[in-house]
Amino acid sequence: MSHYQPQKYVQLKNPDWLKNATLYELNIRQFSEEGTFKAIEKELHRLKKMGIDIIWLMPIQPIGIKNRKRTLGSPYSVRDYFGVNPEFGKAEDFRHLVKAIHEEGMYVILDWVANHSSWDNDLVKSHPEWYKKSESGDFQSLPWRDYDDIIDFDYSKPDLRKYMTDALKFWVKKYDIDGYRCDVASFVPLDFWENVRLELEEIKPVFMLAEAEDRELHRKAFDATYNWTLWNILHQIAIYNKSARTLSEAYLAEHVSIFPKEGIRLNFIDNHDKNSWEGTPQSNFGPALKAARVFSMLMDGIPLVYNGEEAGLDRSLKFFEKDPIKWKSHENEKLYTLLFELKHKNQALWNGIFGGEMIRIVNDRMDEVVSFSREKNGDKLLAFFNLSRENVFVNFDTSEESGEYKNLFTGETKNISEKLKLELSPWSFVVLHCEI
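No experiment lies behind these values; they were computed from the predicted model shown.

> Before we go on, may I ask you to explain the overall build of the chain in this structure?
The number of helices and strands found in the chain is 13 helices and 18 strands. Its C-alpha atoms give the chain a radius of gyration of 22 Å, within 12% of the compact-globule value 22 Å for 436 residues. Taken over the C-alpha atoms alone, the chain extends approximately 70 × 65 × 45 Å along its principal axes. The buried share of the chain, taken over its 436 residues, is 58%. The contacts of the chain with a sequence gap of at least 6 include a subset with a gap of at least 24, amounting to 71%.

Structural data, given as structure tokens:
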């Protein structure tokens, strides 16, 4: 009867420190006026205090000069996989930054570009056979995209796979980094990533994030994948007046039924791609921005903050030029601090298999309102979101949620019985929680 027993889909083990972690994407070039590793160190304590656990550094390697875009080029056009971009400092400065991050009790992952290199990477001359070629024998960029500053690798070559795996191991061994965010991960063969995970785990437990939404990547290679779908649906609701049912019935129903429980989804309102090419959070979500931001933080998955969001970043940062963030006090920093404090202590909000499943709370305004509970080991969260432009009076069936809760944003205590009635203004929300 053994062949009738359920089999685990996800076969890798998440590092223990990932269970309730938060993630911060740091664009080194734009993070400070200096744009250096040393300048980052000045802000580490602030980020830790805000509740950040993992810092994702955008690519730190030297940038290609041949066919470079604009003045400074794209960080994703890698000229040397084993080198450090002199714009940011020296190798020793990077080593000191990693140590400083660890001393603050945080972890650090590097952005890794395995799919392609710059035109002037030494591999172009030493191993031209490692690159894809057009029918005329020319090097080629990623098809159908404006990426003419890079050329694609050919992963049918075993020696390329070993080279790239050794490069990934190099940064873990030599600098003690804690994992990678892997650019366009699904464009690189899955069996390559699965072997990479095995070899990295022989060094230390790592966190692997794929810029992709494929569930297969979770099986043996990646802890987390991008939640592009959640962003798209929240955007459609906010800007194009789509029904909240789109979120609850077209997305959440599939998420809880189909997506592997051990798989962690990266939830975000902004990141370097969205910010540079698709507008600001303000333009992408309008008056729904705060509701969308809070929802994405309470949703099953690991939350991401893109640098500057905590300062109310309201412009698209230039991608190929120097364009530093204008830092200022903003309510977002207090919001993140509050949400991440709750996430760290309330197990219902923990990541992947460590957290509680999202359970629908039925209401009588399903076209406008999304409501759910999450529970884990006695810790509980109830969330009620009006995702519409209308003021609504809503009745909720809370027969499974009765008890005493604390309102996250007011601090007031509320007793929940079998029925709950709320008046919710446009794009407003109520978040209740209790912990053992």
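> Before we go on, may I ask you to explain the sheet that holds strand S8 (residues 224-226) in this structure?
The pairing of strands in a sheet happens through backbone hydrogen bonds and is either parallel or antiparallel. Sheet architecture is closed into a barrel: 8 strands sit in the order S1-S2-S3-S6-S7-S8-S9-S10, paired in parallel fashion. Going from strand to strand, the sheet's axes swing by 25° on average, the running direction of each strand aside. Across 3 bridges, strand S3 (residues 107-112) lies against strand S6 (residues 179-182) in parallel orientation. Bridge assignment links Asp111 to a residue of S6, and that residue is Arg181.

> Even after reading the chapter, I still don't get the packing of helix H4 (residues 91-103) against helix H6 (residues 158-175), so can you show me in this structure?
Where H4 contacts H6, the axes come no closer than 10 Å and their chain directions differ by 70°. Judged on the interaxial angle alone, H6 and H4 are roughly perpendicular. Counted together, Ala91, Phe94, Arg95 and Val98 of H4 and Trp171, Lys174 and Tyr175 of H6 form the full contact between these two elements. Across the contact of H4 with H6, the residue classes break down as 5 nonpolar, no polar and 2 charged.

> Can you walk me through the pattern of salt bridges in this structure?
Considering all chains together, one arrives at 30 salt bridges under this definition. The partner of Glu201 in a salt bridge is Arg197, with the nearest N and O atoms 2.7 Å apart. Of the two residues, Glu201 and Arg197 both sit in helix H7 (residues 190-201), 4 residues apart, roughly one turn of that helix. Between Arg245 and Asp367 there is a salt bridge; the shortest N-O distance is 2.7 Å. Of this pair, Arg245 sits in helix H9 (residues 245-258) while Asp367 is found in the loop between strand S11 (359-360) and strand S12 (369-376), placing the two residues 122 residues apart along the sequence. On the accessibility criterion, Arg245 (32% relative accessible area) is partly exposed.

> Hey, could you run me through the packing of aromatic side chains in this one?
Each aromatic ring pair is specified by the distance between its two centres and by the angle formed by the two planes. Across all of its chains, the model carries 38 aromatic pairs by this definition. Note on Trp17 and Tyr107: the rings are 3.9 Å apart at their centroids and 10° apart in plane angle, and the pair reads as stacked. Linking Trp17 in the segment before strand S1 (23-26) with Tyr107 in strand S3, this pair joins segments that are 90 residues apart in sequence. A relative accessible area of 25% places Tyr107 in the partly exposed class. Ring centres of Trp277 and Phe320 lie 5.9 Å apart, and the angle between their planes is 45°; on these two criteria the pair is classed as tilted. Pair noted here: Trp277 is in helix H10 (residues 272-277) and Phe320 is in the loop between strand S10 (302-306) and helix H13 (331-345), with a separation of 43 residues, a long-range link. Phe320 sits in the buried class, given a relative accessible area of 11%. Looking at Arg215, its charged tip hangs above the ring of Tyr9, at a distance of 4.7 Å from the centre. One cation-aromatic arrangement involves Lys274 over Trp231; the distance from NZ or CZ to the ring centre is 3.6 Å.

> What am I meant to see in the sheet that holds S11 here?
Overall, antiparallel pairing links the 6 strands, which are arranged S11-S12-S13-S18-S15-S16 in an open sheet. Single-partner strands in this sheet number two, and they are S11 and strand S16 (413-416). Here strand S15 (residues 403-407) pairs with strand S18 (residues 429-434) via 2 bridges, running antiparallel. Considered in S18, the bridge of Asn407 is made with Leu432. Sheet strands in contact with helix H12 (residues 289-298) are S12, strand S13 (379-386) and S18, and its direction is about 155° off that of S13.

> Teacher, can you tell me more about the pairing of S13 here?
The buried fraction of S13 is high, at 8 of 8 residues. Where burial is concerned, the two faces of S13 agree: the one with Asp379, Leu381, Ala383 and Phe385 and the one with Lys380, Leu382, Phe384 and Asn386 are both buried. Where S12 folds back onto S13 in an antiparallel hairpin, the turn is made up of 2 residues, including Asn377, whose phi is positive at roughly 50°. Sheet topology note: the S13/S18 ladder contains 6 bridges and is antiparallel. Looking at S18, one finds that Phe385 is bridged to Phe429.

> Just checking my understanding: could you explain the packing of helix H8 (residues 228-240) against H9 for this structure?
The N-to-C vectors of H8 and H9 enclose an angle of 155°; their axes lie 10 Å apart at closest approach. Classified by the interaxial angle, the pair formed by H8 and H9 is roughly antiparallel. Of the two elements, H8 crosses H9, and the hand of that crossing is right-handed. Contacts from Thr229, Leu230, Ile233, Leu234 and Ile237 in H8 reach Thr246, Leu247 and Tyr251 in H9.

> I'm lost on H9 in this one. Help?
Each turn of an α-helix holds 3.6 residues, which means side chains three or four residues apart point in the same direction. In this model, H9 (14 residues) spans 18 Å end to end at C-alpha, consistent with the 20 Å of a helix rising 1.5 Å per residue. The largest bend along H9 measures about 35° and falls at Leu252. Taken as a whole, H9 has its buried residues at Leu247, Ser248, Tyr251, Leu252 and His255. Along its buried surface, H9 packs onto H8, strand S9 (264-267), H12, S11 and S12.

> Please clarify how the side chain of Asn284 should be interpreted in this entry.
Within the fold, Asn284 resides in helix H11 (residues 281-285). A residue is classified by how much of its surface remains accessible, and Asn284, at 5% relative accessible area, is buried. A polar atom in the side chain of Asn284 sits 3.3 Å from the backbone oxygen of Glu278. Setting aside residues up to four positions removed in sequence, Asn284 forms contacts with Trp231, His235, Ile239, Glu278 and Gly279.

Scoring rules and cut-offs
- Residues numbered from 1 in each chain as written.
- Predicted model: local features only at pLDDT ≥ 70, side-chain atom pairs only at ≥ 80, totals over all residues.
- Heavy atoms only, no water.
- Helix = DSSP H or I, 4+ residues; strand = E, 2+ residues; numbered from the N terminus.
- Rg over C-alpha atoms; globule rule 2.2 N^0.38 Å.
- Buried < 20%, exposed > 50% of the residue type's maximum accessible area, 1.4 Å probe, protein only.
- Contact = heavy atoms within 4.5 Å.
- Pairing = 2+ DSSP bridges.
- Axes fitted to C-alpha atoms, helices over the stretch in contact; angles between N-to-C directions.
- Parallel < 35°, antiparallel > 145°, perpendicular 65-115°, else oblique.
- Nonpolar A, V, L, I, M, F, W, Y, C, P; charged D, E, K, R; others polar.
- Salt bridge = Lys/Arg side-chain N within 4 Å of Asp/Glu carboxyl O.
- Phe/Tyr/Trp six-rings, centres within 6.5 Å; stacked < 30°, edge-to-face > 60°.
- Lys NZ or Arg CZ within 6 Å of the ring centre and 35° of its normal.
- Left-handed = near helix turned anticlockwise from the far one by under 90°.
- Expected span 1.5 Å × (residues − 1).
- Bend = angle between axes of the 7 residues up to and from the residue.
- Polar contact = N/O pair within 3.5 Å; in protein donor to acceptor, adjacent residues only side chain to side chain.

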